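# What the coordinates show
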Amino acid sequence: MNIPLVDLHSQYSSIQEEVDQAIHEVLRAGSFILGPQVQKFEEEFSAFCGTRFCISCANGTDALELVLRGLGIGQGDEVVTVSHTFFATAEAICRVGAVPVFVDIRDDTLLIDPDRVEKCVSTRTRAILPVHLYGQPAELESLLAIAQKYTVHLIEDCAQAHGALYQGKRVGSWGKAGTFSFYPGKNLGAYGDAGCITTNDADLAGWLKKARNHGRTEKYTHDFVSQNSRLDSIQAAVLSVKLRHLEEWNAARRNAAELYRGILGSTSEIRFQMTTPDTLPVYHLFVVRLNDRDKVMDRLRSEGIEVGVHYPTPLHRQPAFANLPSSQRELPVTEQAAGQVLSLPIFPELSTENIRKISRVLQEALFIR
Ligand SMILES: *Cc1c(COP(=O)(O)O)cnc(C)c1O
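Read on for an overview of the structure. What you are looking at is a predicted structure, and each value in this text was computed from that prediction instead of being measured.

## Comments concerning the overall build of the protein
The helix and strand inventory of the protein stands at 11 helices and 15 strands. For 369 residues, the compact-globule formula gives about 21 Å, and the C-alpha radius of gyration of the protein, at 21 Å, lands near that figure. For the protein, the spread of C-alpha atoms along the principal axes amounts to about 70 × 55 × 35 Å. Per-residue burial over the protein gives 56% buried out of 369 residues. When contacts within the protein are restricted to residue pairs at least 6 apart in sequence, long-range pairs at least 24 apart make up 70% of them.

## Considering the environment of histidine 316
With respect to the helices and strands, histidine 316 occurs in the loop between α9 (293-302) and α10 (332-340). Take histidine 316: its relative accessible area is 0%, and that puts it in the buried class. With 229 residues separating them in the primary sequence, histidine 316 and phenylalanine 87 have C-alpha atoms 10.0 Å apart. Beyond its immediate sequence surroundings of up to four residues, histidine 316 is in contact with Ser83, Phe102, Phe321, Leu324, Gln328, Arg329, Leu331, Thr334 and Glu335. Here the side chain of histidine 316 touches serine 83 through a polar contact of 2.7 Å, side chain to side chain.

## Observations regarding the site of the ligand
By nearness alone, 13 residues border the ligand, and Gly60, Thr61, Asp157, Ser181 and Lys186 come closest of all. Note that an oxygen atom of the ligand is positioned 2.8 Å from one of the backbone N or O atoms of glycine 60. In this structure, an oxygen atom belonging to the ligand sits 2.5 Å away from a side-chain N or O atom of threonine 61. For the ligand, the accessible surface in isolation is 380 Å², of which the surrounding protein chains cover 92%. Taken together, the elements giving at least two residues each to the shell around the ligand come down to α3 (60-70) and α4 (88-95).

The rules behind each value
- Residue positions are given per chain, counting from 1 as you read along its sequence in written order.
- In keeping with the predicted nature of the model, local features appear solely for residues at pLDDT of at least 70, side-chain atom pairs appear and are counted solely at 80 or more, and the whole-chain, interface and lining totals rest on all residues.
- Hydrogen atoms and water are omitted, and side-chain values are computed over all heavy atoms in the structure.
- By the criteria applied, helices consist of DSSP H or I runs no shorter than four residues and strands consist of E runs no shorter than two, each listed in order from the N terminus.
- For the radius of gyration, the atom set is restricted to C-alpha positions; the globular benchmark scales as 2.2 Å times the number of residues to the power 0.38.
- Throughout, exposure labels follow a simple rule: accessible area from a 1.4 Å probe, protein chains only, divided by the maximum for the residue type, with under 20% read as buried, over 50% as exposed, and the rest as partly exposed.
- Between two residues, a contact is recorded if the distance between any of their heavy atoms is within 4.5 Å.
- Two N or O atoms count as a polar contact when they lie within 3.5 Å, although within protein this holds only if one can serve as hydrogen donor and the other as acceptor, and sequence-adjacent residues are included solely when both atoms are side-chain atoms.
- One heavy atom within 4 Å of a molecule or strand makes the whole residue count as near it.
- What sets the accessible areas is the Shrake-Rupley method with a 1.4 Å probe; for residues, cover comes only from the shown protein chains.

Right, dumping it as structure tokens:
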């Protein structure tokens, strides 16, 4: 039997009654865009994250773009971020007219390296944008201290880390704002595109509520030219149902990760993303690092085990960023990681038996010449 990388079908089966009922309520009420379910979910998610506000929008990329625009970041500005992430992180920076300044990651955590961030801050820097990659919080205390020292904003890309904790406090509540994606495969996923921004800043929240909806204050009054990036009520209803299960699902992901680590930990050819006592990760992905990654990947796939690479080409090597200054092309840790990372199946319903099987096939593959 094949083992998928993520399994949205078995998750739906486990909550089918709740989800179907919630969707039918929306269909019966007939308010499909920014309806009461949207406001309800925003209240629930801000309470969950421990922030004063949650402003939903159409997807996680828009969430990033809206926050950057809301903070007045644009032409001539720089935002310090990582190259080892999904394309959208840097794309949003470019969309507002600013320039991404890529900083290298730490070799052990694969996350933004605070020691290197400070060297990348210039007079043009307006924000530091760490990514809590694979569900593991970046070093928020150090990053916040740097942001405060240089009076720049800290914006957290939380698209892979719904519910993760840093020093007991949720990601998305540390910086000026946190951005989330509810893409179906994320830890908290809708049944379509969706996203949101969390913040404690009332002015920013007020601006974002208008900005996501044509700069609109009342039905036919528009304060400024903006965009359409609204959440629909069906997605919000699904998200409210799923939010009730998120803690339990994240705990199941952590159990799966512990099991993998327990079995694979004795194999010296395998490295893991290091976790620190400061963090409670949520394992959006379970990533191992292997020198012989491609060989092992082929072997796992041929055994019916679906694996992934997140991400094979760092952003500074993407054709879209071909005109970056050459000083931005020296990211040795990022480049090495891109050649080594392999994402193994992980999702709350993944069985112990399958984790053992995946681990066995992986270990065998390492020793096949
Ligand atoms: C998924 C993701 C995004 C973008 O979210 P969408 O909802 O797909 O637009 C941004 N950043 C990271 C790190 C992501 O994983």
